[in-house]
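For reference, the chains in residue letters:
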Amino acid sequence: MTELKTKEEPSNIGDSHIPEKEKLQIPYAVLCELTHRCPLSCPYCSNPVELEMKSREIDTDTWKRALSEAVKIGILQAHFSGGEPTARKDLEEIVQHASSIGLYTNLITSGVLINEDRLKKLYDCGLDHVQVSIQDTDPENSNKIAGFKGHDKKIHTAGLIRKVGLPLTINAVMHRQNLHNLDKMIELAVKLDAERLEVAQVQYYGWALKNQTAFLPTKEQLDRATEIVEEARIKLKGILAIDYVVPDYYAKRPKSCMGGWGRQFLNITPAGKVLPCHAAESLSFLKFDNIKDKPLSWIWENSEAFNKFRGTSWMPEPCKSCDRKEIDWGGCRCQAFALTGDKNAADPTCEFSPYRNVLDEPLSKVGQKEIPEFIYRKIKVKKNIIGIGHNSRKASKQ
Amino acid sequence: MTNLLTLNEKHIPKLPRHAKLRYDEPRKKWIINAPERVFELDEIASEIIQLVNGESSIEIIINELTEKFDGAPRDVISKDVIIMLQSLADKGFIVI
């Protein structure tokens, strides 16, 4: 029995080197970002810095067609996310369609816009599972991080999710400003009768990169967190499953981001763009195909964006000769480009990356007394201040 | 922990609502869909899981498999069945 996790641009035409086609895998999951609209404005939001307006969102029928095409290429699971997916009035219709064609359906929500009636409807539509984000166990800090007074409502919604009979995962993004409450977060997940708790770390690209100093935890905080999780996993075996990943800044080798580019996963944006990962639009040199124009099977196989980093043939050293190249697949492409400005660079978290030093600067500031104010996610951002290269981070804070 | 489920032959196992078994055509494999997880089942696990229906006890499942795989000793099959189901139960994907 094999257990696989199912959750997280094309070459320019001017490039003379066209990599040979890598062997295609059958993807496991599609992340459907139904909208970028969200009442919360978390400063580590995984949405791109340039958010899509409602007027550009694809319609119900396009989503249904995309999901049908996803099943045809072997996708097993559909995650409905955002923004806040419940901001779409057609969520039930989309979930019902996904469920009726055999997809395993998962709703990833902040929980602040939904009531019991709608949860019941989603249950009846065949929804399989719900994930609710909780920013901290301390209501005041939770609301501050979310930029929205929604903590109490989230707790209430979690109760309703269990009441209507849906299984629940609590998503807790942990960082410098809430890791001291990790033990309480585990207790809360048990109290809310969740099956799972995801202890996620902030991933530093997009919005989170603008807020890096505010979020990067100290080594001591992390070591303590790891201890807490290990103890809780033993104590709560059979009661609460805890997913936990150490943030890669403190790791010696990169994470296997998305299980490899274009191997297991694809993402559809509110506007219908099909991406190899939800952050891929930060790779400004890539061109993405749109589900409005082309079938998903064509995109999975032929899109330049998917083929650019698929497999290993694109890799320069130190990845090329590395015996882990088919384990970590070069790490996170978005992080590598954001921090090095080099599109083929190894993920700089790797100890063999020549750019490993770009992590030292932020790490040297970790634990400093002064914590910067959050730069909250918001829908209007001027294009010319968006940072991409490692130098532009400073510009983006001006 | 009192809540921890340790399976024995008298238990009647079933999949919880959030774990769904189905045959996947593109992969030619039985799979279990679970939150952010897919279990791809090998041949033995597939034989076992198809007998998990919320009605048959583990004892009955073992008997059926022993009959089907004529020649395999019951104690060997019993061990395979319990280990496989227990590994799913530990993650909450088999309940009684």
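Residues numbered from 1 in each chain as written. Chains lettered and ligands numbered in written order. Predicted model: local features only at pLDDT ≥ 70, side-chain atom pairs only at ≥ 80, totals over all residues.

## Some remarks on the overall build of chain B
Note the threshold: A helix here means a DSSP run of H or I that spans at least four residues, while a strand means a run of E at least two residues long, and both kinds are numbered starting from the N terminus. Radius of gyration: over C-alpha atoms. The globule rule applied is 2.2 Å multiplied by the number of residues raised to the 0.38 power. To sort residues by exposure, count the other C-beta atoms lying within 10 Å of each residue's C-beta; 20 or more gives buried, 12 or fewer gives exposed, and values between give partly exposed, all with C-beta atoms placed from the backbone. By the convention adopted here, residues are in contact when the distance between their C-beta atoms, placed from the backbone, does not exceed 7 Å.
When its secondary structure is counted, chain B shows three helices and three strands. When the helices and strands of chain B are read in sequence order from the N terminus, they spell out β-β-β-α-α-α. For a compact globule of 96 residues, the expected C-alpha radius of gyration is about 12 Å, and chain B comes in at 13 Å, within 12% of that figure. Along the first, second and third principal axes, the C-alpha set of chain B runs to 40 × 35 × 20 Å. The proportion of buried residues among the 96 residues of chain B is 31%. Taking the contacts inside chain B whose residues are at least 6 apart along the sequence as the reference set, 51% of them involve residues at least 24 apart.

## Observations concerning the overall build of chain A
Scanning chain A for helices and strands turns up 15 helices and ten strands. Seen through its C-alpha atoms, chain A measures out along the principal axes to roughly 60 × 50 × 50 Å. Of all 398 residues assigned to chain A, the portion counted as buried reaches 49%.

## Brief notes about the interface of chain B and chain A
Our working rule: Under this grouping Gly is polar, as are all residues other than the nonpolar Ala, Val, Leu, Ile, Met, Phe, Trp, Tyr, Cys and Pro and the charged Asp, Glu, Lys and Arg. A pair of strands is considered paired only if DSSP assigns at least 2 bridges between the two.
Contacts between chain B and chain A engage 26 residues on the former and 25 residues on the latter. Of all the elements in the fold, those that place two or more residues in the side of chain B that touches chain A are β1 (20-24), β2 (29-34), β3 (37-40) and α3 (74-90) of chain B. With four residues, the single largest contributor to the side of chain B that touches chain A is β3 of chain B. Considering only residue class, the side of chain B that touches chain A consists of eleven nonpolar, four polar and eleven charged. Taken together, the four bridges between strand β1 (residues 2-5) of chain A and β3 of chain B define a ladder with antiparallel strand orientation. What sits directly across from Lys5 of chain A, in β3 of chain B, is Arg37 of chain B.

## Notes on helix α4 (residues 139-146) of chain A
Residues and elements named next belong to chain A. To keep it simple, the criterion reads: It is the directions from the helix axis to the C-beta atoms that the arc portrays.
For α4, the set of buried residues is Ser142, Ile145 and Ala146. With its buried residues spanning 95° around the axis, α4 presents them on a single face. Residues of α4 that are buried make contact with α5 (151-163). Remark: Gly147 follows α4 within two positions and exhibits a positive phi of approximately 65°.

## Overview of the packing of helix α2 (residues 58-68) of chain B against α3 of chain B
Residue and element names in this part refer to chain B. Put simply, the rule reads: The angle between two axes is taken between their N-to-C directions and runs from 0 to 180 degrees, where each axis is a line fitted to C-alpha atoms and a helix contributes only its stretch in contact. For classification purposes, an angle smaller than 35 degrees is called roughly parallel, one larger than 145 roughly antiparallel, one from 65 to 115 roughly perpendicular, and anything else oblique. Note on convention: near helix rotated counterclockwise from far helix by under a right angle means a left-handed crossing. Clockwise means right-handed.
At a closest axis distance of 9 Å, the pairing of α2 and α3 adopts a crossing angle of 130°. The angle between α2 and α3 falls in the class oblique. The interaxial crossing formed by α2 with α3 has right-handed handedness. From α2, Ile58, Ile61, Ile62, Leu65 and Thr66 reach across to α3, where they touch Arg74, Ile77, Ser78, Val81, Ile82 and Leu85. Tallied by class, the residues present in the contact of α2 with α3 amount to eight nonpolar, two polar and one charged.

## Notes on the sheet that holds β3 of chain B
Strand pairing within a sheet occurs via backbone hydrogen bonds; the two strands may be parallel or antiparallel. Here we have four strands laid out as an open sheet, ordered β1(A)-β3(B)-β2(B)-β1(B), and antiparallel in their pairing. If you trace the sheet from one side to the other, it starts and ends with β1 of chain A together with β1 of chain B, each paired once. Strand-to-strand, the axes of this sheet are offset by a mean angle of 25°, without reference to chain direction.

## Some thoughts on the confidence of the model for chain A
The condition that has to hold: The quantity known as pLDDT measures the predictor's confidence residue by residue, on a range of 0 to 100.
In this model, chain A carries a mean pLDDT of 88, and residues with pLDDT of at least 70 account for 91%. Contacts from residues 381-398 of chain A, a stretch scored under 50 in pLDDT, to residues over four places away or in other chains number 26 contacts.

## Examining the sheet that holds strand β7 (residues 196-201) of chain A
All names here are of chain A. Strand order in this open sheet of nine strands is β8-β7-β6-β5-β4-β3-β2-β9-β10, and the pairing throughout is mixed. The outermost strands of the open sheet, each flanked by one partner alone, are β8 (241-244) and β10 (274-275). Inspection of the sheet shows strand β4 (residues 104-109) paired to strand β5 (residues 129-133) by four bridges, in the parallel sense. Considered in β5, the bridge of Ile108 is made with Gln131. Strands in contact with helix α9 (residues 219-235) are β6 (168-174), β7 and β8; relative to β8, the strand with the most contacts, it is inclined by about 155°.

## Describing the nonpolar core
Note the following rule: By our criterion, buried Ala, Val, Leu, Ile, Met, Phe, Trp, Tyr and Cys residues that link up through C-beta atoms within 7 Å make up a nonpolar core.
Val30, Ile170, Ala172, Leu197 and Cys334 of chain A are the most contacted members of the largest nonpolar core, which has 125 residues in total. It is α3 of chain B that contributes the most residues to this core, six residues altogether. Discounting chain neighbours no more than four positions away, the residues touching Val30 of chain A are Ala70, Ile75, Ala78, Leu266 and Ile268 of chain A.

## Topic: unusual backbone geometry
With an omega of 10°, the peptide bond between Gly82 of chain A and Gly83 of chain A qualifies as cis. Looking at where Gly83 of chain A falls in the secondary structure, it is placed in the loop between β3 (77-81) and α2 (91-100). Omega for the bond connecting Glu317 of chain A with Pro318 of chain A falls within 30 degrees of zero, at 5°, which places this linkage in the cis form. Tracing the backbone shows Pro318 of chain A in the loop between α11 (304-308) and α12 (325-328). Phi is positive for Asp193 of chain A, close to 65°, though the residue is something other than glycine. Positionally, Asp193 of chain A belongs in the loop between α6 (182-191) and β7. Residue classification places Asp193 of chain A among the partly exposed positions, given that 15 C-beta atoms sit within 10 Å. Positive phi, close to 55°, is recorded for Lys28 of chain B, a residue that is not glycine. The residue Lys28 of chain B is located in the loop between β1 and β2 in this model.

## Remarks on the pairing of β5 of chain A
Residues and elements named next belong to chain A. Quick note on the threshold: The definition of a right-handed crossover adopted here requires that, viewed with the strands pointing away, the path from the first strand over the helix to the second runs clockwise.
Within β5, five of the five residues are buried, which leaves the element mostly enclosed by the surrounding structure. Side chains His129, Gln131 and Ser133 project from β5 onto one buried face, and the interleaved Val130 and Val132 project onto a second face that is buried too. A crossover links β4 with its parallel partner β5, the connecting element being helix α3 (residues 116-124), and its sense is right-handed. Judged from the four bridges that link them, β5 and β6 form a sheet pairing that is parallel. Directly across from Ser133, in β6, lies its bridge partner Asn171.

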